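Survey of secondary and tertiary structure
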Amino acid sequence: MSLLNYKCPSCGASINYDPNLDKGACDYCGNVFTLEELEDYAKNNEKEEKDIKTSPEEDNQEEILSYSCDNCGAEVVSNATTSATFCYYCHSPVILTKQLQGDFKPDYIVPFAIDKKKAQETFLNWAKSKPYVPRSFTEASQLEKITGMYLPYWMGDAKTHVNVQGIGTKTSVYTRGDTEYTEYRDYPITAHGDFTIEKIPELAFTQIDRDLVKSVDDFSNAELRDFNMLYLSGFFSERYDIEKEKAEKSIIDQAKNYAQNFVKGQFSGYDNVKKDVDEINTELEKVSYVLLPTWVLTYNYLGKNYVYMLNGVNGMAYGELPVDQKKLALRSGIIFLIILALLLLGGKFIW
Ligand SMILES: [Zn+2]
Ligand SMILES: [Zn+2]
């Protein structure tokens, strides 16, 4: 396994991708570099690509890889699907290039646009707006755990042919004298045409809760960039473990669903729609392998796990919140007291 660690051309420290500057930044000396500058520097200073020994852990069913950090030499352990991580000891970003080559080379990437600070602020604003949240949920040590992660997706463009024809009926009810009349008016309806639905995302990773991710993974307005490893520096990243062929059916289903809803929307003015011709054909045009950015915060409270997720581009968020039973009890106690006080007051008033 070969490792990549982008080095600062000025001081040699590690470079992280900075979403605000859209450049590589050195935390140590503060210098900032374009992607091209860093690539040139890396090329000119290319070391013998040392193949680092990897050893699948024997007593573990899951494949786990270990290697030594380029920076400090400590042993770093990672999941078999991880493509970018950090050294646990010196915290320098590490990119596992083998996980990004051959079949695993992404076609595109959407780089993070929201940095860690912004992600933490968004989370705080959300959590603080909710009642009964345990205090520890919004502590600094908790916020520190928010993790920027590129998740692997298959992203498809689907060409869709629609030909729907039929009769739409509008119903109106009116009363004349003592009699109620129902009037039906029929109209010929038609929806016909070809369109392409682009960038339909399908998560290509089994090790994360699909439903949770689905609630924030709208990247339809995001700009796809050609893949470059620099974007991973300073973030976690995973490679796919669901094959493209498996994802294709789901992408087609999503496209069909979209087309059906579109047709439904066209005929929404009718009380009844009878379709004589109902053709919706979907065909995949291309499927790309894409890495998409998501902020994830997991939190364990009284033995239960909670997850907060944030789309790394548009800030769309979804979260589960623990409820502090003590705070809740306190609050219901106060409500009870107030009601009791009111009752007593009422009692006094009567007497
Ligand atoms: Zn530097
Ligand atoms: Zn290290």
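The structure under discussion appears in the preceding block.
Within each chain, residue numbers correspond to sequence positions counted from 1 in written order. Lettering of chains starts at A and numbering of ligands starts at 1, both following the order in which they are written. At least 70 in pLDDT is required for a residue's local features to be given in this predicted model, at least 80 for side-chain atom pairs to be given and counted, and no such filter applies to totals for whole chains, interfaces and linings, which use all residues. Note that water and hydrogens are dropped before the side-chain values are worked out from all heavy atoms of the structure.

Pairing is antiparallel in the open sheet, where three strands are placed in the order 2-3-4. Two strands in the sheet have a free side with no partner beyond their single neighbour: strand 2 (15-18) and strand 4 (32-33). Note that strand 2 and strand 3 (residues 23-26) share four bridges and pair antiparallel. Bridging across to strand 3, isoleucine 15 finds its partner in cysteine 26. In this analysis, strands are considered paired if DSSP registers two or more bridges between them. Helical segments are the DSSP runs of H or I of at least four residues, strand segments are the runs of E of at least two, and each set is numbered from the N terminus.

Ligating atoms shown are N, O and S within 2.8 Å of the metal, or 3.2 Å for Na, K and Ca, and water is not included, meaning a site may look less than complete. Every protein donor of the zinc ion (ligand 2) is accounted for by Cys69 (SG), Cys72 (SG), Cys87 (SG) and Cys90 (SG), and the metal-donor separations fall at 2.3 to 2.4 Å. Four donors are marked tetrahedral only if all angles between them lie between 85 and 135 degrees, whereas four are marked square planar and six octahedral if opposite donors are more than 155 degrees apart and the other angles lie between 65 and 115; the remainder are marked irregular. Bound by four donor atoms, the zinc ion (ligand 2) shows angles of 107 to 113° at the metal and therefore tetrahedral coordination geometry. Counting gaps between the donor residues of the zinc ion (ligand 2) yields the pattern C-x2-C-x14-C-x2-C. Taken together, the positions of cysteine 69 in the loop between strand 5 (64-68) and strand 6 (75-79) and cysteine 90 in the loop between strand 7 (82-86) and strand 8 (93-96) put the pair 21 residues apart, joining distant regions of the chain.

Moving on, we get to the coordination of the zinc ion (ligand 1). Only Cys8 (SG), Cys11 (SG), Cys26 (SG) and Cys29 (SG) from the protein coordinate the zinc ion (ligand 1), and they sit 2.2 to 2.3 Å from it. The site at the zinc ion (ligand 1) holds four donor atoms, and with the angles between them running 103 to 118°, its shape is tetrahedral. Look at where the donors of the zinc ion (ligand 1) fall in the sequence and you get C-x2-C-x14-C-x2-C. Highlighted residues: cysteine 8 in the loop between strand 1 (3-4) and strand 2 and cysteine 29 in the loop between strand 3 and strand 4, separated in sequence by 21 residues. Any residue under 20% of the maximum accessible area for its type is buried, any over 50% is exposed, and the rest in between are partly exposed; the area is computed with a 1.4 Å probe on protein chains only. Classification of cysteine 29 as partly exposed rests on a relative accessible area of 33%.

These figures come from the coordinates and say nothing about function on their own.
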